[in-house]
2 protein chains.
Amino acid sequence: MTETSFNPSSLSTGAATGYGEPVTDCATCVVRNRAICASLDAEELALLGRLGRRQRVKAGHTLLWEGDDALVVANVLEGVLKLVVASADGREQIVGVVFPSDFIGRPFGKESPYSVTAMTDAEVCIFNRKSFDDFASAHPDLQHKLLRRTLDELDRARHWMMLLGRKSAEEKVASFLLEMSERLSGQGCNSGARSGFELPFGRQQIADILGLTIETTSRQLTRMRAEGLLDLPSRREIVINDRAAMEALAG
Amino acid sequence: MTETSFNPSSLSTGAATGYGEPVTDCATCVVRNRAICASLDAEELALLGRLGRRQRVKAGHTLLWEGDDALVVANVLEGVLKLVVASADGREQIVGVVFPSDFIGRPFGKESPYSVTAMTDAEVCIFNRKSFDDFASAHPDLQHKLLRRTLDELDRARHWMMLLGRKSAEEKVASFLLEMSERLSGQGCNSGARSGFELPFGRQQIADILGLTIETTSRQLTRMRAEGLLDLPSRREIVINDRAAMEALAG
DNA sequence: CGCTGCTTTGATTCGTATCAATAGCAGTGG
DNA sequence: CCACTGCTATTGATACGAATCAAAGCAGCG
């Protein structure tokens, strides 16, 4: 465990100071049109902007700890973060992976039900939770966006439950590769059967997502490569050669 | 498969007729203060009531099919229903269990991501989804309630992912019994270490919740009985003798 | 060049699924 | 009241998949 804590020491309600950089211009934000902020008009955006701070999070650092007071919520601007639930004896299960424009944190709740840790260097637009809760309560459109997003997340989580409870190691890895291929190769075109992408994390993390060990995960990938289903040009690169066959394996 | 479909054949937008009974008096509804309707005042309640119909669902009948158009949403008045995701080859994973006052269905979404099937005879207050979506969009307080509920469901689902991905059969069964004990023995007092309750479903369903087979589930229960942890007075009754020990097993 | 951490590969064990048979219970009708 | 039927649950024997334990390979970096 080399992970270290992000400590929002001088966090205060309202205009938070002492950490991060003030948000200067939401209008030019990279996720302006994809994040929940897309529901706001210029005036509202300026108001919310005053509550937020841009915050860099280095890979491996933890923004929220499972069980601790959920002091902050945030939008992801850049990088990839994981949501982790751990058991008393140290087993870990990744219960969510968030990308730019995704929302993190637990609004309207006291304790964070999971840890949030950066898997790559990341940048987030962070809010004091109470301030955000108040703002959201006063802005139905924002709340509507948040509701839709939460419903989508719930669907995704439930679909993942099927994978965790009922699929074999081979099916798990195949499903994982297909989902990552879709989420990582951008909203762009996935025309051909071949598709390559770079995973933002290593084998152990794949295992923690799939409920497997690192050895089993590695073996499955090696076997798929041997069968010509995929190439592994480098540790974190994956090229799916035969999408249809991969879909068949995913069950 | 003896499950049969509930077919809302003459479903129309607005005041739906031709199925169920019209809602006569929301004010005296058994779940009036616990369901999302609790956010509404008398006038709003009357409006929503006009959109709803009381509908009985017999045990084993399916209200919504995975992948089909999600035509309806509903509040549970009585009984217990399950949310099921199935794979092409017939494996099933129960991804949620809903009780009276819980909300079911997928607002703001076209396809239902899972099937909803009654585990016991049940009664629901059912709405045409589109009408409900419109009503919700116009009533921020209702939407707020729905958001909180969805966030809670998401937390529960993610917690369950840890169980499915990382826990042993013994830990799964122990966790399950503790959770059911809490959700079934009502909001009442759970004073003593001993607690008994009646499950609304059989062994196969427990297995489908835990991602196990019926045999493994049965063996774990028998073993726990042999060790004095619990009693099994009848097929569906469970008495936990030593709650602390059970919590230790749950991991 | 030789660390250091991550990944792959191999040998073995263990837990759970699978296959198969029996037991128990609920409902039905003689 | 009891025999019969169908369904659910339990119990047993065995097989298989993934975990575990152990070692070697490989890449990045001072």
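Above this text you will find the structure in question.
Presented here is a report on the structure given in the accompanying data block. The structure presented is a predicted model; accordingly, all values stated were derived computationally and were not measured. (Residues numbered from 1 in each chain as written. Chains lettered and ligands numbered in written order. Predicted model: local features only at pLDDT ≥ 70, side-chain atom pairs only at ≥ 80, totals over all residues. Heavy atoms only, no water.)

1. Describing the side chain of A:D208
Condition: Helix and strand assignments follow DSSP, with helices taken as H or I runs no shorter than four residues and strands as E runs no shorter than two, numbered in order from the N terminus. By the convention used here, residues are in contact when the closest approach between their heavy atoms is within 4.5 Å.
Residue placement: A:D208 occurs in helix α5 (residues 203-210). Filtering out sequence-adjacent residues up to four positions away, A:D208 remains in contact with A:E92, A:Q93, A:I94 and B:R166.

2. Section: the pattern of salt bridges
This is how the line gets drawn: The term salt bridge refers to a side-chain nitrogen of Lys or Arg lying within 4 Å of a carboxyl oxygen of Asp or Glu. Burial classification: accessible surface area is computed with a 1.4 Å probe over protein chains only, and a residue below 20% of its type maximum counts as buried, one above 50% as exposed, and the rest as partly exposed.
Taken as a whole, this structure holds 34 salt bridges over all chains when the rule is applied. The salt bridge partner of A:R183 is A:E179, with a shortest N-O separation of 3.8 Å. Of the two residues, A:R183 and A:E179 both sit in helix α4 (residues 169-184), four residues apart, roughly one turn of that helix. A:R183 gets classed as partly exposed once you look at its relative accessible area, which sits at 23%. On the basis of relative accessibility, which here comes to 19%, the residue A:E179 falls in the buried class. A salt bridge links B:R183 to B:D102, with the nearest nitrogen and oxygen atoms 3.6 Å apart. Of this pair, B:R183 sits in helix α4 (residues 169-184) while B:D102 sits in the loop between β6 (92-98) and β7 (103-104), and the two are 81 residues apart along the sequence.

3. Structural notes on the relation of the copies chain A and chain B
Applied cut-off: The superposition of copies rests on a least-squares fit of C-alpha positions from residues with pLDDT of 70 or more in both.
By a simple turn and slide, chain A fits onto chain B: the slide is 0.0 Å along the axis, the RMSD is 0.0 Å, and the turn is 180°. Between the two chains, the operation in question is that of a two-fold axis. A share of 100% of interface residues in chain A that are also interface residues in chain B marks the association as one of identical surfaces.

4. Let's talk about the protein's contact with DNA strand C
Selection rule: Put simply, a residue is near a molecule or strand once any heavy atom of it comes within 4 Å of that molecule or strand. Polar contact is defined as a pair of N or O atoms within 3.5 Å, subject to the rule that within protein one atom must be able to donate a hydrogen and the other to accept it, and that residues adjacent in sequence are counted only when both atoms are side-chain atoms. Amino acid classes used here: Ala, Val, Leu, Ile, Met, Phe, Trp, Tyr, Cys and Pro are nonpolar; Asp, Glu, Lys and Arg are charged; the rest, including Gly, are polar.
Around DNA strand C there are 17 residues in total, and A:R203, A:S218, A:T222, B:A169 and B:T216 lie nearest to it. Looking at DNA strand C alone, sugar and phosphate atoms form 61% of those within 4 Å of the protein. The contact in question runs from a base oxygen of DNA strand C to an N or O atom on the side chain of A:R235, over 3.2 Å. Contact distances for DNA strand C include 3.0 Å between a base nitrogen and a side-chain N or O atom of B:E215. Element by element, the count of residues in the surface near DNA strand C is highest for helix α6 (residues 214-226) of chain A, at four residues. Residue composition of the surface near DNA strand C, by class: two nonpolar, eight polar and seven charged.

5. Here's the deal with unusual backbone geometry
Phi at A:S101 is positive, roughly 85°, even though this residue is not glycine. With respect to the helices, strands and loops of the structure, A:S101 is situated in the loop between β6 (92-98) and β7 (103-104). For A:S101, a relative accessible area of 8% gives the class buried. In this structure, B:F108 takes a positive phi of about 60° despite not being glycine. Counting through the fold element by element, B:F108 comes out in the loop between β7 and β8 (115-118). Residue class for B:F108 comes out buried when judged on its relative accessible area of 13%.

6. A look at the interface of chain A and chain B
Interfaces are often sized by the amount of accessible area the parts lose when they come together. Selection rule: Once two parts are put together, the accessible area they lose, assessed with a 1.4 Å probe and summed over both, is termed the buried area.
Contacts between chain A and chain B engage 42 residues on the former and 42 residues on the latter. At the boundary of chain A with chain B, total buried surface from both sides reaches about 4000 Å², with 62% on carbon and sulfur atoms. Here chain A and chain B share ten salt bridges between them. Taking the shortest distance from any N to any O, the salt bridge between A:E153 and B:R158 comes out at 2.7 Å. Across the chain A-chain B interface, the total number found is 22 residue pairs in polar contact (both at pLDDT 80 or more). Secondary-structure elements contributing two or more residues to the side of chain A that touches chain B are β5 (81-86), β6, α3 (140-166) and α5 of chain A. Here the side of chain A that touches chain B is built from residues that sort into 21 nonpolar, nine polar and twelve charged.

7. Quick word on the protein's contact with DNA strand D
Around DNA strand D sit 18 residues in total, of which A:A169, A:T216, B:R203, B:S218 and B:T222 are the nearest. Take the atoms of DNA strand D that sit within 4 Å of the protein: sugar and phosphate atoms are 66% of them. One of the backbone nitrogen or oxygen atoms of A:A169 is found 2.7 Å away from a phosphate oxygen of DNA strand D. Between DNA strand D and the protein, one listed contact pairs a base nitrogen with a side-chain N or O atom of B:R219 at 2.9 Å.

8. Description of the sheet that holds strand β1 (residues 21-22) of chain B
Picture the strands of a sheet paired through backbone hydrogen bonds; they go either parallel or antiparallel. Residue and element names in this part refer to chain B. So the rule is basically this: Pairing between two strands requires that DSSP report at least two bridges joining them. A fitted line through C-alpha atoms serves as each axis, taken over the contacting stretch for helices, and the angle formed by two N-to-C directions is quoted from 0 to 180°.
Strand order in the open sheet formed by five strands is β1-β2-β9-β4-β7, with antiparallel pairing between adjacent strands. The open sheet has two free edges, formed respectively by β1 and β7, since each of these has just one partner strand. Where strand β4 (residues 72-78) and β7 come together, two bridges link them in antiparallel fashion. Its bridge partner being in β7, N75 is matched across the sheet by F103. In this fold helix α1 (residues 42-51) packs onto β2 (52-57) and β9 (122-128), with an angle of close to 50° to the strand it touches most, β2.

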